[in-house]
Amino acid sequence: MNLDEIQKLMRLIEESKLSRFRLKKGDFELLLEKETARCQPVFSALPASSALSPTEISKNDKGQEEKSGIYVKSPMIGTYYAASSPDHLPFVKVGDVIDEEKVVCIVEAMKVMNEVKAGVRGVVKEIFCKNAQPVEFGTKLFRVE
């Protein structure tokens, strides 16, 4: 199986309702898996009247306080691009109001440009990645409030 065939399979799996695909042929084995639940931005549902106290602010694995809000995370390993090409404006900037369907960036994986949609409504408060920066699955890309 060549790279073009694998990329076609990846696109078909992405567009389908399948979450896992395995192909085994002799010594060759290919496993494609998408975990749609993890691809969605993570957020906490706090009542509107709730105020965060210092003890309620979460801490990351380095012990640093994380700001409240909704984090849009990378759905895959690849390279983050803020715009569709170097001569175009970024998809979003700090202060932009976005909705669930707004394309916020591109993550390139195996020469395939994957548009990443916000998945949430709100205002972009922070952008964590620089253009052409490598990202991993779950890397925080944006903070939205």
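Note: the structure precedes this text.
Here's the deal with the pattern of salt bridges
- For the structure shown, the criterion picks out five salt bridges.
- Here Arg121 makes a salt bridge to Glu100, at a shortest N to O gap of 3.2 Å. Here the residue Arg121 occupies a position in the loop between strand S7 (112–117) and strand S8 (122–127), and Glu100 occupies one in the loop between strand S5 (97–98) and strand S6 (103–109), the gap between them amounting to 21 residues.
- On the accessibility criterion, Arg121 (59% relative accessible area) is exposed.
- Linked by salt bridges that have partners in common, Glu126, Arg143 and Glu145 make up one network.

Quick word on the sheet that holds strand S3 (residues 70–73)
- Strand order in the open sheet made by the four strands is S3-S10-S8-S5, with antiparallel pairing throughout. Of all the strands in the sheet, the pair left with one neighbour each is S3 and S5.
- Pairing between S8 and strand S10 (residues 140–144): three bridges, direction antiparallel. Bridge pairing in S10 places Ile127 opposite Phe142.

Focus: unusual backbone geometry
- Although it is not a glycine, Met110 sits at a positive phi angle of roughly 55°.
- Secondary-structure assignment places Met110 in the loop between S6 and S7.
- Take Met110: its relative accessible area is 40%, and that puts it in the partly exposed class.
- Of note in this structure, Lys111 is not a glycine but carries a positive phi near 65°.

Quick look at the packing of aromatic side chains
- For the structure shown, the criterion picks out two aromatic pairs.
- Plain terms: the ring middles of Tyr80 and Phe142 are 6.3 Å apart, the flat faces sit at 55° to each other, and that makes the pair tilted. Of this pair, Tyr80 sits in strand S4 (residues 78–81) while Phe142 sits in strand S10, and the two are 62 residues apart along the sequence. Each member of the pair, Tyr80 as well as Phe142, is classed as buried.

Brief notes about the state of the cysteines
- Per the stated rule, a full pass over the model turns up zero disulfides.
- We note that Cys105 lacks a disulfide partner, and the nearest cysteine sulfur, in Cys129, lies 7.7 Å from it.

Notes on helix H1 (residues 3–15)
- When the terminal C-alpha atoms of H1 are compared, their 18 Å separation across 13 residues agrees well with the 18 Å that a helix rising 1.5 Å per residue should span.
- Here H1 has its buried residues at Ile6, Gln7, Leu9 and Ile13. Taken down its axis, H1 places every buried residue within 160° of arc, on the same side. Opposite the buried face of H1, at more than 90 degrees from it, the exposed residues are Lys8, Leu12 and Glu15.

Some remarks on the pairing of S6
- Of all seven residues in S6, seven are buried, a share of seventy percent or more.
- Sheet topology note: the S6/S7 ladder contains six bridges and is antiparallel. Across the sheet, Val107 pairs through a bridge with Asn114, a residue of S7.
- The hairpin turn running from S6 into S7, its antiparallel successor, is two residues long, and Met110 in that turn takes a positive phi close to 55°.

Here is what the cut-offs are and how they apply
- Residues numbered from 1 in each chain as written.
- Predicted model: local features only at pLDDT ≥ 70, side-chain atom pairs only at ≥ 80, totals over all residues.
- Heavy atoms only, no water.
- Salt bridge = Lys/Arg side-chain N within 4 Å of Asp/Glu carboxyl O.
- Helix = DSSP H or I, 4+ residues; strand = E, 2+ residues; numbered from the N terminus.
- Buried < 20%, exposed > 50% of the residue type's maximum accessible area, 1.4 Å probe, protein only.
- Pairing = 2+ DSSP bridges.
- Phe/Tyr/Trp six-rings, centres within 6.5 Å; stacked < 30°, edge-to-face > 60°.
- Disulfide = S-S within 2.5 Å.
- Expected span 1.5 Å × (residues − 1).
- Arc of directions from axis to C-beta.

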